[in-house]
Structure formats: structure tokens, C-alpha cells
Amino acid sequence: MANDCCNNSRVLLYACSGASDAGELADRAVRKLWEGGFAAKTCLAGVGADIAGFVSSARGADVNIVVDGCPVACARKSLQRIGIEPISIILADLGYKRGESAVTEEAIARVADEIKAMADSKMPAATGASSGCCC
Amino acid sequence: MKIEILGPGCPKCIKLEEITRQAVQELGIDAEITKVKDVKDIMNHGVMITPALVVDGVVKLAGKVPSIDDVKKLIK
């Protein structure tokens, strides 16, 4: 959750945070976007564990964005399992292959920029990632 | 029954509290309604967007202000 729950919280952001380098890139890029105020990062594990607060939050959000490292797409499928069709970004589709993607600060920044651009292009017109307020 | 309204005190949070109190009154339920404003306490419920409605420790809804009929269904 954002430090201020009324800040940017209508758009929720999830990373697969998988074990591979691509999963780590997804996680760290999402954290960078969160710190930059693009959207509120939340816990994919909470959704997977069917914790009511996380599931209700996903259902109440205007937009859910999931970032997966590889095509297995665990994050996307976790949201789909509870009936939500998220904006899905898979780093492998952007050229970051599992086992071939060094996790450097430069790569994290580049991936974060690419995620933001892709998410913005897929975002419903009425929902700016930074315009919403949970209140 | 214990009902918690999660939110920092914004207009939608206040609206949810009003609707919930009205629903409790109309249903004639004996319920304790409390407000939770602390972000850490809100997050402890796994709630990432507010307002949220918690009934006996279970998050029933987040990020929306429901109709009074919907609130009645959630707290029955």
C-alpha cells in the first residue's frame, strides 16, 4: 500500500517476483514504479492466498496491472483466478528472457520505463495512473 | 457483531460509515461500529484501497461505496 492510502491507489500494481532473473527484474522495476508514485504496489501472494483484504482491494481497484517475468504468467493467472482481467505485461515479450537478463540498476530503470509506457498505452482513457484517489 | 470502517477520514469513508450505520439501524442489528484510520492498521487487513468494510474481522468490500441494500447483504 502507498504510505498515504489516498495517493495513487486506484491503480494497483503486482509483480510475479519469481525466482529467476526476469522475476527479480519484474519485482524491482515494480518497486521503482511504486516509489515513483506511478501506482500502488500490492502483494500478489495475498491474492494467491485468497486473503479477503487483498482480493477485495483488487476487485475495488479501477485497474490492476500485473508484471510477469516469463510467459508462465503466474501473476496474471492469479488475478484471473479471482475473476479479474488485469493489464498484463510479460518481460519476456520485451526481450528479457529468463536466465539471460542481468539485474542491474540500469536494467531496472529501463524495464520500469517500458512497463510504464506499456501500462499507459493499455490504461482505460478515464483512468490516469496518477490521477486517482482512493477517497 | 463488530463492524470496522477502514479509511483515513475521506468523504467516501465518511459516506460508507453513514450508510453502514443506517443499514444497521434499519436491520435492527446489535453492532459495534468503529473507524480505523491508521494506515498500518488498514494494511494489516490486507486492504490496499479504501474505504473498506470489515465485518467480524473479515474484509467484505474495498475501494467502493456500496448502496445501503448491498451493505445490508454484507452485514446480515
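Note that the coordinates shown come from a computational prediction; the quantities given were computed from them, not determined experimentally.

Reading the values: the criteria
Residues numbered from 1 in each chain as written. Chains lettered and ligands numbered in written order. Predicted model: local features only at pLDDT ≥ 70, side-chain atom pairs only at ≥ 80, totals over all residues. Heavy atoms only, no water. Helix = DSSP H or I, 4+ residues; strand = E, 2+ residues; numbered from the N terminus. Buried < 20%, exposed > 50% of the residue type's maximum accessible area, 1.4 Å probe, protein only. Contact = heavy atoms within 4.5 Å. Buried area = accessible area lost by both parts, 1.4 Å probe. Salt bridge = Lys/Arg side-chain N within 4 Å of Asp/Glu carboxyl O. Polar contact = N/O pair within 3.5 Å; in protein donor to acceptor, adjacent residues only side chain to side chain. Nonpolar A, V, L, I, M, F, W, Y, C, P; charged D, E, K, R; others polar.

Attention shifts here to unusual backbone geometry. Most peptide bonds take the trans configuration, and most residues that are not glycine carry a negative phi. Geometrically, the link from T50(B) to P51(B) is a cis peptide bond, its omega value of 5° lying close to zero. Relative to the elements of secondary structure, P51(B) occurs in the loop between α2 (39-43) and β3 (52-55). Backbone geometry places S17(A), a non-glycine residue, at a positive phi of 50°. What makes S17(A) partly exposed here is its relative accessible area of 38%. Although it is not a glycine, A73(A) sits at a positive phi angle of roughly 60°. Within the element layout of this structure, A73(A) appears in the loop between β3 (63-68) and α4 (74-81). Accessibility expressed as a relative area gives 0% for A73(A), which makes it buried.

This brings us to the interface of chain B and chain A. Listed per partner, the contact involves 21 residues of chain B and 20 residues of chain A. When chain B packs against chain A, close to 1500 Å² is buried across both sides, 66% of that on carbon and sulfur atoms. When the area that chain B buries against chain A is broken down by residue, the three leading residues are V39(B), M48(B) and I49(B), summing to 41%. The interface formed by chain B and chain A includes 0 salt bridges. Counting across the interface, chain B meets chain A through 3 residue pairs in polar contact (both at pLDDT 80 or more). Of all the elements in the fold, those that place two or more residues in the side of chain B that touches chain A are α1 (11-27), α2 and β4 (58-62) of chain B. When residues of the side of chain B that touches chain A are assigned to their parent elements, the largest contribution, 5 residues, is made by β4(B). When the residues that make up the side of chain B that touches chain A are grouped by side-chain class, the tally is 14 nonpolar, 4 polar and 3 charged.

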